Amino acid sequence: MKRNEVNKNDLSPMMQQYMDIKDQYPNELVFYRVGDFYELFFEDGETASRELELTLTGKNAGLSERVPMCGVPFHSVTPYIEKLVTKGFKVAICEQLENPKDTKSMVKRGVTQVISKGTVVDSDLLSIHDNHYIASLMDYNFLYVLCYADISTGSIFVIGLPHIKEKLISEILNLGILEIILQDNTDLELIGLLKGAYGIDVSIEENKLEDQYQNLYENLSDEHFKNSVKHLLYYLVIRELKDLSHMKPVEIVYPDDYLEMDVHTVRNLELIETLRLKERNFSLIWLLDKCKTSMGSRKLKNWLMNPLKKKELIENRYNKIDIFNNEFIIKDRLRNALYEVYDIERICGKVACGNLNARDLLQLKNSLKVLPEIKEMIHELKFDYTINTHNKLYELLEQAIYENPPITIKEGYLIKEGYNKELDELKEIRKGGKNFIADFEAKLKASTGIKTLKVGYNKVFGYYIEISKGQVKEVNKDLHWERRQTLTNCERYISPELKEKEAMILNAEEKIIDLEYNLFLEIKAIMKENLLELKDTAEILSELDALSSLSVCSEEYHFVRPTLNTEHIIEIKNGRHPVVEKVSNLEYVSNDCIMDPSINTLLITGPNMSGKSTYMRQLAIIIILAQMGSFVPAEVANLPIIDKIFTRIGASDDLVSGESTFMVEMKEAKNAICGATCDSLILFDELGRGTATYDGMSLAQSILEYISKNIKCKTLFSTHYHELTSLEHKISSIKNVHVSAHEENGTITFLHKIKNGAIDKSYGIHVAKLAGMPTELLSRADEILNYYESESKNKQKKGSEDNIQLTMAFEEEKKDNLKEKLEKIDPLRLTPIEALNILYELKELSIK
Ligand code: ADP
């Protein structure tokens, strides 16, 4: 039976109410509260029954046929909601808005919140290490504006991006956005990609927020940004009914403030997950994260994904790590104190729009307890943080919250004795009830003479006097006991006196629960007033945690403080790839990377498996670590500040549409070549190998030439085309290095050591041998290789002619340089010694 085929007027009043509510939430699964259950009807019921593997039943709704229905008990609803939300459904929770006892007509009901993938606030779905973002995307034809918020922590950001689809998708993937709200002008290809290829929940929504939450965006002057924020807020506030009182005003993200890395770079360098298994384990963040709080872990990840470019800001973090390294006793004390701190950010989120319970408040209290101690340590360390210790709030929680509260807030046991007089009095009555039972039992035993008589209580029948079957005849009619329950071996009665007491005690119980609930709401309201200040405190704690974690790393992994230069110098002595070093069973071979201002490109040759890509990744990781404010895995590191990192290492995935691997490779190379500046870092691993040898080699060479001539940025370029190594003699900024291997009796050992100069052997057959290829196949490969090698010797003469052609462009460049130099000389002003020097320089230029 379909919902839209039913005539509403034929339905029972309750189902009519359901239909009205469902009309407002056609795209959500409506969980309609009926007593102790949430019920889903019609298609929603069928979907829930299929997805949650629950029985589909029916409900009498006034029609000849029963309406399809699926029910979930209210006390265990969370896992069911989570399951549906994970699968991409949106859930609207429709509650009873009044106590059924207080009304004679039908209970009022209404949707109190909508939960979707991006707006989960209190559940196991939230990863403690990651932010949980929902975003709005506005397409202004010349500009994309992305506004993204984590409502579990209360932060909201806005960023303007160039109108380039790859860049937009890269940003969305790097941020890990789970749900995106679009306007109906968004192009279908983009929607398809976000939904289909990346599993992001997408919905199209209007943008008509009135005056709510202006405080969140009144700091913005740009209308495009403002509109984007309002679009997201409309969805959150109007469609999903979220309370955003814990949100801090929007922060504008200026992409230029941070080192730019696209999603390929983040993935290739395995910054937050490994390439193969897509797991946090064995990623760089896994190695670095020694945080004691989840707020710290999220902060550290944020720093890693957004390395800085301002020297002062970077060095500020170095300075703090240095202080931590020196003050290791305070650092340990601080980390022990941080260990006591819970996820204050997310507790704040729950206060505003989640199911806050007394355990959360207890966690908050325990977190606040250590703040005075932390404040003192901040002072001892001379750090520039001013932290609020929230003494009043702590006192309140200490006095009010019961030490061992239940998860629910509607069963009492939330509030401590001594906090509220009325509550204490009611509890006295309840306690009196318990004493009363013992006294009453003794009294009855004496008056009736029935020794086995018992007075007890159960939830269904209330208080009772229990008499064993054998003694029932002793119950005198004059006692006016009424029979309550018959069991196999006893009878249970109630007496007028017991009935009276029961009413009083049960009343007290009910009143206690109501009062405790109201007191809890009062405390929650006080907390709400403190949310923004609490979030400031959380921010400081997360920074302290992230910094102390970096300090622990610097000691544990022997990292060194980098020096930053503005002269385009890279000077790394004994650098290491920290994750390979940590994970590998073999000893890690450290390597230098020296590029003075005149050297921009290292052309790396060496056999497969020798460590070329590890060396390249190592440099990028050292730079990222340095710019996120961390010490780095090396003995000495003098580094320039890099503006963008481009990588083309290993297999990469195609962001936009199904193109061939080679096409994707070329597109990535194009992104690097067109996007890089002289302050960028490019890592190209065997570029061009996806096509025919000469094709690939020519492309590789022209790309190298182009970078050297037009971009002049630091570049690591690994290649199997040994022919390219001759470029070192023609382009002064290119230097050959190789990874050495040791060959003995046909067996090869990789030394993983980077050395100057080129290598002219590939050892491909040796690697195939290591991989366990059949011997017959290997010796045939040897034969073929010998043949090709002798052939190539014969062609060497012709080859050198080709080379002349290939390097012609550089002869031109050399001429230009000579001409430029000559033009600058004013012979009349030269001393003889200067003239001699210049002559020497000109000669050098001409032979380079
Ligand atoms: P290539 O890019 O030359 O094919 P890789 O960089 O992938 O080689 O390295 C192959 C393996 O060698 C890596 O998985 C790593 O375990 C090991 N390796 C690389 N560099 C080093 C090093 N400097 N010290 C120790 N082991 C290394």
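Located above this text is the structure these notes cover.
Rules used in this analysis
Residues numbered from 1 in each chain as written. Predicted model: local features only at pLDDT ≥ 70, side-chain atom pairs only at ≥ 80, totals over all residues. Heavy atoms only, no water. Helix = DSSP H or I, 4+ residues; strand = E, 2+ residues; numbered from the N terminus. Rg over C-alpha atoms; globule rule 2.2 N^0.38 Å. Buried < 20%, exposed > 50% of the residue type's maximum accessible area, 1.4 Å probe, protein only. Contact = heavy atoms within 4.5 Å. Areas by Shrake-Rupley, 256 points an atom, 1.4 Å probe, with all protein chains shown as cover. Lys, Arg positive; Asp, Glu negative; His and termini not counted. Charge placed at Lys NZ, Arg CZ, Asp CG, Glu CD. Near = heavy atom within 4 Å. Polar contact = N/O pair within 3.5 Å; in protein donor to acceptor, adjacent residues only side chain to side chain. Pairing = 2+ DSSP bridges. Axes fitted to C-alpha atoms, helices over the stretch in contact; angles between N-to-C directions. Phe/Tyr/Trp six-rings, centres within 6.5 Å; stacked < 30°, edge-to-face > 60°. Lys NZ or Arg CZ within 6 Å of the ring centre and 35° of its normal. Salt bridge = Lys/Arg side-chain N within 4 Å of Asp/Glu carboxyl O. Disulfide = S-S within 2.5 Å.

**Student:** Can you break down the overall build of the protein residue by residue, with the values?
**Tutor:** The helix and strand inventory of the protein stands at 28 helices and 27 strands. Taking 2.2 N^0.38 as the reference for a compact globule, 848 residues should give roughly 29 Å; the C-alpha atoms of the protein span a radius of gyration of 36 Å, well beyond that estimate. Reported as C-alpha extents along the three principal axes, the dimensions of the protein are approximately 135 × 70 × 65 Å. Within the protein, the fraction of its 848 residues that count as buried is 50%. Sequence-distant contacts in the protein: of pairs separated by 6 or more residues, those separated by 24 or more amount to 67%. Per element, the accessible surface of the protein, about 41700 Å² overall, is 51% carbon and sulfur. Between the averaged position of the 107 positive side-chain charges in the protein and that of its 132 negative side-chain charges there is a distance of 3 Å.

**Student:** An account of helix α13 (residues 344-353) is requested, with residue identities and associated values reported.
**Tutor:** Counting buried positions over the 10 residues of α13 gives 10, a clear majority of the element. Burial in α13 covers these residues: I344, E345, R346, I347, C348, G349, K350, V351, A352 and C353. Against the buried residues of α13 lie β6 (109-115), β8 (143-150), α10 (294-305), α14 (358-369) and α18 (496-556).

**Student:** Summarise the site of the ligand; cite the residues concerned and give the values.
**Tutor:** Around the ligand, the surrounding shell holds 13 residues, and the nearest of these are V589, M609, K612, S613 and T614. Take M609: an N or O atom from its main chain is 2.7 Å from an oxygen atom of the ligand. A distance of 2.6 Å is found between an oxygen atom of the ligand and a side-chain nitrogen or oxygen belonging to S613. Per-element tally for the shell around the ligand: the top contributor is helix α20 (residues 612-628), with 3 residues.

**Student:** Report on the pairing of strand β16 (residues 482-486), specifying residues and quantitative values.
**Tutor:** As judged from the 4 bridges shared by β16 and strand β17 (residues 490-494), these two strands associate in the antiparallel manner. Along β17, the bridge assignment pairs E482 with I494. Hairpin connection of β16 to β17: 3 residues between the antiparallel strands.

**Student:** Describe the environment of K712, and please don't skip the residues or the numbers.
**Tutor:** Relative to the elements of secondary structure, K712 occurs in the loop between α22 (693-711) and β25 (714-718). Among the residues examined, K712 registers a relative accessible area of 45% and is labelled partly exposed. Measuring from C-alpha to C-alpha, the distance between K712 and E376 comes to 50 Å, with 336 residues separating the pair along the chain. The residues touching K712, leaving out its near neighbours within four places in the chain, are N600, C678 and I707.

**Student:** Give me the sheet that holds β16: which residues, what numbers.
**Tutor:** Read across the sheet, 4 strands follow the order β14-β15-β17-β16 without closing on themselves; strand pairing throughout is antiparallel. Both outer strands of the open sheet, β14 (454-458) and β16, are each paired with one neighbouring strand and no more. On average, each strand axis in the sheet is tilted by 40° relative to the strand beside it, whichever way the strands run. Across 4 bridges, the pairing between strand β15 (residues 462-468) and β17 is antiparallel.

**Student:** Give me the lowdown on the environment of G160, citing residues and values where you can.
**Tutor:** Examined against the element boundaries, G160 turns out to sit in strand β9 (residues 155-162). A relative accessible area of 19% places G160 in the buried class. Along the primary structure G160 and H224 are separated by 64 residues, whereas in three dimensions their C-alpha atoms are 8.8 Å apart. Among all residues touching G160, those that are not within four sequence positions of it are L143, Y144, F225 and P255.

**Student:** Pulling in residues and values, what's your account of the packing of aromatic side chains?
**Tutor:** By the definition in use, this model includes 16 aromatic pairs. Seen in terms of ring centroids, W481 and Y493 are 5.6 Å apart; in terms of plane orientation they differ by 45°. Their pairing is tilted. Taken together, the residues W481 in the loop between β15 and β16 and Y493 in strand β17 connect sequence positions 12 residues apart. Overall, the relative accessible area of 12% leaves W481 in the buried class. Taken together, the ring pairs in this structure connect Y18, Y32 and F41 into an aromatic cluster. Of note, R33 hangs over the ring of F74, and the distance from its end group to the ring centre comes to 4.2 Å.

**Student:** Before we move on, could you go through the pattern of salt bridges and cite the residues and values that matter?
**Tutor:** Counted by the stated rule, this structure contains 50 salt bridges. A salt bridge links E783 to R780; the shortest N-O distance between them is 2.9 Å. Of this pair, E783 and R780 both sit in helix α25 (residues 775-794), separated by 3 residues, roughly a single helical turn. Take R780: its relative accessible area is 46%, and that puts it in the partly exposed class. When salt bridges that share partners are traced, they join R3, K8, D20 and D23 into one network.

**Student:** Lay out the state of the cysteines with the relevant residues and their values.
**Tutor:** Inspection of the entire model under this criterion finds 0 disulfides. Sulfur of C147: no disulfide; nearest cysteine sulfur belongs to C353 and is 15 Å away. By relative accessible area, C147 is classed as buried at 0%. In this structure C353 is a free cysteine whose sulfur lies 11 Å from that of C348, the closest cysteine sulfur available. By relative accessible area, which is 9% here, C353 ends up buried.

**Student:** Just give me the short version of the sheet that holds strand β2 (residues 37-41), but keep the residues and values in it.
**Tutor:** Ordered in space as β3-β4-β2-β1-β5-β6, the 6 strands form an open sheet in which the pairing is mixed. Of all the strands in the sheet, just β3 (57-59) and β6 have a single pairing partner and so form its edges. Sheet twist, expressed as the average angle between the axes of neighbouring strands with direction ignored, equals 40°. Inspection of the sheet shows β3 paired to strand β4 (residues 67-73) by 3 bridges, in the antiparallel sense. Each residue of the ladder has a partner; that of K59, found in β4, is V67. Of the strands in this sheet, β1 (29-34), β2, β3, β4, β5 (91-96) and β6 touch helix α1 (residues 13-24), which is tilted by about 150° from β1.

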